[in-house]
Amino acid sequence: MVPRDGVSLTTMALLVQKFGGTSVATPDRMREVAEQVRFRRLQGDDVVLVVSAMGSETDELLRLASAVADRRPGREMDMLITAGERKATALMCMALADRGVAAESLTGSQAGFLTDTTHQNARILEIQPDRVRDAVAARRVPVVAGSQGVSTDRDVTFLGRGGSDTTAVALAHVLGADACELYTDVSGVFTADPRVVPRARRIGRLSYDEALEMTATGCPKPAMRSVEVARARRVRLHVRSAFTWEPGTWIGEEDSAMEQAIVSAVTHDTSEAKITVAGVPDRPGIAGTLFRRLADLDVNVDMIVQNVSAGGITDISFTVPHGQLQASRSVAQALAGEIGAGAVTSDEEIGRVSLVGAGMKTNPGVAATMFETLGAGGVNIEMISTSAIRISCVVREADVLKAVSVLHEAFRLDAAGPGGRQ
């Protein structure tokens, strides 16, 4: 049954299980997933599956679209991309049927997902999961196509990369599931990227806030939007491997009865660039105008630093995703011309390294140790951003991996932290 912080449930559970692309990439993988579902059913649990497209199929569909045309309307791209998940649901149902498990494939619209009209990155407005509930009541396994729905304009929509995680969490909420299990190709959430820090340790338990900060600063799994939904709706998540089936990382409410690790993880991200607008007149409303124009273009601005005014002028620096750099530069240059600011410069060779941990709220000196450690390692800090449980530093991209390694060692994250955070 589903463990709650190490304690096994003794009653039947309703589980929403999401399997990512690598977990269902081949016929053998699908058969193994089907066998796992059969086992859980024999244990008495009800299971709702959410599946992604097989392997790299989404990338292949995107490649085909690029080969066919330069103009690719969003509506047609969503129709194309979501075909991969529909294919996977049908095949999974066949694998289940072969094991004597009754199953029913459902598209996002059939599962009741109503979204806004934004193509390629739609947001869920409402879920009416009547067909999912009916299937569970009839002891059939609903197999739902991840990352898709139908818009208020009655068009097929795609929720974006990582959208299958969001599909699963949202379903778990509306169904009142006991837990949402996110199966992937790693065995949980780690104290750092194991490819960068071989001694990185799997974390047994994270709070919603910690998981949200980690996914926002470079931790690739689970998808940040799914953690946002889980946090808002209090859905308990279990991130685990579909290859080893071992217990992974539980994400849920912060346990105030146990001592928190001061720092839970080091994350990093090299997907952003920095823009600086120099010589900005220091008067009310200019920053608001700049960032409103960026917001109107759906630019995802992250870190922002404004220098102290000197002689009535200041500099504003901010980071944006690489893919939005050119559009952001154009906005900044246009505004600079209007207000008489100086040059607009950009820097793509930056990276971010962050410390995340709920225990930082009550432990002074974390920032000092971080800065001292980076300084001793010869890593220069260019920007700093903080929250109650996170400290982020922008450094040279070439220094990011060194920064992750020295910080992981300095905070002894390869050892089990207090409160049983193994």
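Residues numbered from 1 in each chain as written. Predicted model: local features only at pLDDT ≥ 70, side-chain atom pairs only at ≥ 80, totals over all residues. Heavy atoms only, no water.

Draft legend 1. Spatial organisation of the overall build of the protein chain. Each helix and strand counted, the protein chain has 12 helices and 22 strands in total. Computed over C-alpha atoms, the radius of gyration of the protein chain comes to 23 Å, within 12% of the 22 Å expected from 2.2 N^0.38 for 422 residues, which places it in the range of a compact globule. Summarising its shape, the C-alpha atoms of the protein chain cover approximately 75 × 55 × 35 Å along the three principal directions. Considering the protein chain as a whole, with its 422 residues, one finds that 51% of them fall into the buried category. In the protein chain, of all internal contacts separated by at least 6 residues, the share reaching a separation of at least 24 is 76%. When the accessible surface of the protein chain is totalled, it reaches about 18,700 Å², and 50% of it is carbon and sulfur. The averaged location of the 52 negative side-chain charges in the protein chain is 3 Å from the averaged location of its 45 positive side-chain charges. (Helix = DSSP H or I, 4+ residues; strand = E, 2+ residues; numbered from the N terminus. Rg over C-alpha atoms; globule rule 2.2 N^0.38 Å. Buried < 20%, exposed > 50% of the residue type's maximum accessible area, 1.4 Å probe, protein only. Contact = heavy atoms within 4.5 Å. Areas by Shrake-Rupley, 256 points an atom, 1.4 Å probe, with all protein chains shown as cover. Lys, Arg positive; Asp, Glu negative; His and termini not counted. Charge placed at Lys NZ, Arg CZ, Asp CG, Glu CD.)

Draft legend 2. Molecular detail of the pattern of salt bridges. This model, assessed by the stated rule, comprises 32 salt bridges. A salt bridge links arginine 140 to glutamate 104; its shortest N-O distance comes to 3.0 Å. Within this pair, whereas arginine 140 is found in the loop between helix H5 (130-137) and strand S8 (141-145), its partner glutamate 104 is found in strand S5 (residues 103-106), the two being separated by 36 residues in sequence. When its relative accessible area of 29% is taken as the criterion, arginine 140 is described as partly exposed. Glutamate 382 is the salt-bridge partner of lysine 274, the closest N and O atoms lying 3.1 Å from each other. (Salt bridge = Lys/Arg side-chain N within 4 Å of Asp/Glu carboxyl O.)

Draft legend 3. Region of the structure containing the side chain of glutamate 104. Residue glutamate 104 is classed as buried on the basis of its relative accessible area, which comes to 18%. Here the side chain of glutamate 104 touches arginine 131 through a polar contact of 3.4 Å, side chain to side chain. Residues within four places of glutamate 104 in sequence aside, it is in contact with Cys93, Arg131, Ala135, Arg140, Val141, Pro142 and Val143. (Polar contact = N/O pair within 3.5 Å; in protein donor to acceptor, adjacent residues only side chain to side chain.)

Draft legend 4. Representation of the packing of aromatic side chains. Going through the model one piece at a time under the given rule, you end up with four aromatic pairs. Arranged with centres 5.3 Å apart and planes meeting at 80°, the rings of phenylalanine 291 and phenylalanine 318 form a pair that is edge-to-face. Taken together, the residues span a long stretch of sequence, with phenylalanine 291 in helix H9 (residues 286-296) and phenylalanine 318 in strand S18 (residues 313-321) at a distance of 27 residues. Under the relative-accessibility criterion, phenylalanine 318 is labelled buried at 0%. (Phe/Tyr/Trp six-rings, centres within 6.5 Å; stacked < 30°, edge-to-face > 60°.)

Draft legend 5. How the structure looks around the sheet that holds strand S4 (residues 46-51). Strand order in the open sheet formed by eight strands is S5-S8-S4-S3-S11-S13-S14-S12, and the pairing between neighbours is mixed. Every interior strand has two partners, whereas the edge strands, S5 and strand S12 (205-207), have only one. The mean angle between the axes of side-by-side strands here comes to 20°, regardless of whether they run parallel or antiparallel. Bridging between S12 and strand S14 (residues 249-252) involves three bridges; their strand directions are parallel. Of the residues in S14, the one forming a bridge with leucine 206 is isoleucine 251. Across the sheet, helix H4 (residues 83-97) is in contact with S4, S5 and S8; its angle to S8 comes to roughly 160°. (Pairing = 2+ DSSP bridges. Axes fitted to C-alpha atoms, helices over the stretch in contact; angles between N-to-C directions.)

Draft legend 6. The pairing of strand S15 (residues 265-269), seen in detail. Of all five residues in S15, five are buried, a share of seventy percent or more. Of the two faces of S15, the one carrying Ala265, Thr267 and Asp269 and the one carrying Val266 and His268 are both buried. With five bridges joining them, S15 and strand S20 (residues 350-356) adopt antiparallel strand pairing. Considered in S20, the bridge of histidine 268 is made with valine 353.

Draft legend 7. Highlighting helix H8 (residues 224-233). Among the residues making up H8, those that are buried are Arg225, Ser226, Val227 and Ala230. The inward-facing, buried residues of H8 contact helix H6 (163-175), helix H7 (208-216) and strand S13 (237-241). Positioned one or two residues after H8, arginine 234 has a phi angle of 55°, which is positive.

Draft legend 8. Highlighting the confidence of the model for the protein chain. When pLDDT is averaged across the protein chain, the result is 93; 95% of the residues are at 70 or more. Counted against residues more than four places away or in other chains, residues 1-10, with its pLDDT under 50, gives 21 contacts. Note on residues 418-422: pLDDT under 50 across the span, and 21 contacts to partners over four residues away in sequence or across chains. (pLDDT = per-residue confidence, 0-100.)

Draft legend 9. Molecular detail of the pairing of S4. Counting buried residues along S4, six of its six residues qualify, which places the element largely inside the surrounding structure. Here S4 shows no split at all, with Asp46, Val48 and Val50 on one side and Val47, Leu49 and Val51 on the other all buried. As judged from the three bridges shared by S4 and S8, these two strands associate in the parallel manner. Its bridge partner being in S8, leucine 49 is matched across the sheet by valine 143.

Draft legend 10. Focus on the sheet that holds S20. If you trace the four strands from one edge of the open sheet to the other, you get S15-S20-S22-S21, paired in antiparallel fashion. Unpaired on one side and paired on the other, S15 and strand S21 (383-387) mark the two borders of the sheet. Strand-to-strand, the axes of this sheet are offset by a mean angle of 20°, without reference to chain direction. Sheet contacts for H7: S15, S20, S21 and strand S22 (390-396); angle to S20, the most-contacted strand, approximately 170°.

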